[in-house]
Amino acid sequence: MWIALEGIDTSGKSTQVSLLKPLFTGAIFSLEPGGTALGAHVRRVALHHPFSPQTQFLLFLADRALHLEEVIKPNLNQLIISDRSLISGLAYSSYELERAWELHCAHGLDLLPDMVLLLKLDPHTLEARLRAKNPDGIELKGVDFLKGVQERLEQACALLGVRTELIDASKSVEEVHKIVLEKIYALRAL
């Protein structure tokens, strides 16, 4: 079973994943990009160097192919919890969602999570969280960019027909964690 936590930068995905690790010690935890040696390098480079949108998309597509091959497919019989997935790959892309999905499919990268937990921020909380941190290359694109990506995350989930649970990430870390756990336990009970 594969569960992907999705959301824009500062939505709390990584925080929630770190809270889940001690509770699901037998699970496979992954990060995309960054869940493989190549992915970790791609992530560092892409976040701090000004590549064209097409180059960045192709770098992340290559990482996604390796990530599926090395991490996801061999472990589908276990619980996999990932910090991002191809949903983010589509949403952050400069391509139209349908075109980005076609490019994934053309390369056999069409394996979908069983469930997406989409952490959604209201604009006020997003602005406050961005002001409170040292922004990376993506976050420097600003609030309007991230609000657009948040809309595209929802649109990508709808386009792919993947089971999606929207979670208000503006709540406290503890409240969000409780909801995340409820959603995971409900899926596992099916």
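What you see is a predicted model; the values in this text were computed from it and never measured.

Cut-off values and rules
Per-chain numbering applies: the sequence of each chain, read as written, is numbered from 1 onward. Local features are withheld for residues below a pLDDT of 70 in this predicted model, meaning they are given only at 70 or higher, and side-chain atom pairs are given and counted only at 80 or more; totals for whole chains, interfaces and linings count all residues. As a convention, hydrogens and water are excluded, and side-chain values are obtained from all of the structure's heavy atoms. For each residue, the accessible area found with a 1.4 Å probe, counting protein chains only, is set against the maximum for its type, and the residue is called buried under 20%, exposed over 50%, and partly exposed in between. Only DSSP runs of H or I reaching four residues or more are called helices, and only runs of E reaching two or more are called strands; each is numbered from the N terminus. Whether two strands pair depends on DSSP finding at least two bridges between them. Under this scheme, a helix contributes an axis fitted over its contacting stretch, all axes are lines through C-alpha atoms, and angles between N-to-C directions fall in the 0 to 180 degree range. Any pair of residues with heavy atoms lying within 4.5 Å of one another is described as a contacting pair. UniProt positions are given in the numbering used here, feature names are shortened, and annotations may be inferred rather than shown by experiment. Whenever two N or O atoms come within 3.5 Å, that pair is a polar contact, provided that in protein one can donate a hydrogen and the other can accept it, and provided that, for residues adjacent in sequence, both atoms are side-chain atoms.

Student: Give me the pairing of strand β5 (residues 164-168): which residues, what numbers.
Tutor: The side-chain alternation of β5 yields one buried face, formed by E165 and I167, and one unburied face, formed by T164, L166 and D168. Note that strand β4 (residues 115-120) and β5 share 5 bridges and pair parallel. Of the residues in β5, the one forming a bridge with L119 is I167.

Student: Kindly report on the sheet that holds β5, identifying the contributing residues and their values.
Tutor: Here 5 strands make up an open sheet; going across it, the order is β2-β3-β1-β4-β5 and the pairing parallel. Either end of the sheet is taken by a strand with one partner, and the two such strands are β2 (28-31) and β5. Strand-to-strand, the axes of this sheet are offset by a mean angle of 20°, without reference to chain direction. Here helix α7 (residues 143-160) sits on the sheet in contact with β1 (2-7), β4 and β5, set at roughly 160° to β4. Each of β1, β3 (80-83), β4 and β5 is contacted by helix α8 (residues 173-189), which is oriented at about 165° to β4, the strand it contacts most.

Student: Please give an account of unusual backbone geometry that cites residues and values.
Tutor: Working note: non-glycine residues mostly have negative phi, and peptide bonds are mostly trans. Each neighbour pair has its own omega, and for E32 with P33 the value is -5°, a cis peptide bond. By the element assignment, P33 lies in the loop between β2 and α2 (37-48). Look at T10: it is not a glycine, yet its phi comes out positive at around 80°. Looking at the secondary structure, you find T10 in the loop between β1 and α1 (13-20). A positive phi angle, near 85°, is found at R84, a position not held by glycine. Secondary-structure assignment places R84 in the loop between β3 and α4 (86-91). Judged by its relative accessible area of 9%, R84 falls in the buried class.

Student: How would you explain the UniProt feature "binding site: ATP" (unreviewed entry) in the chain if you had to name every residue and give the values?
Tutor: Annotation from UniProt places "binding site: ATP" (unreviewed entry) at G7, I8, D9, T10, S11, G12, K13 and S14. Along the chain, the position of D9 falls in the loop between β1 and α1. With relative accessibility at 9%, the residue D9 sits in the buried group. Among the structural elements, S11 can be located in the loop between β1 and α1. Looking at S11, the relative accessible area reads 3%, which means it is buried. Each residue touching S11, except ones within four places of it in the same chain, is listed here: L119, L121, R129 and A169. A polar atom in the side chain of S11 sits 2.8 Å from the backbone oxygen of I8.

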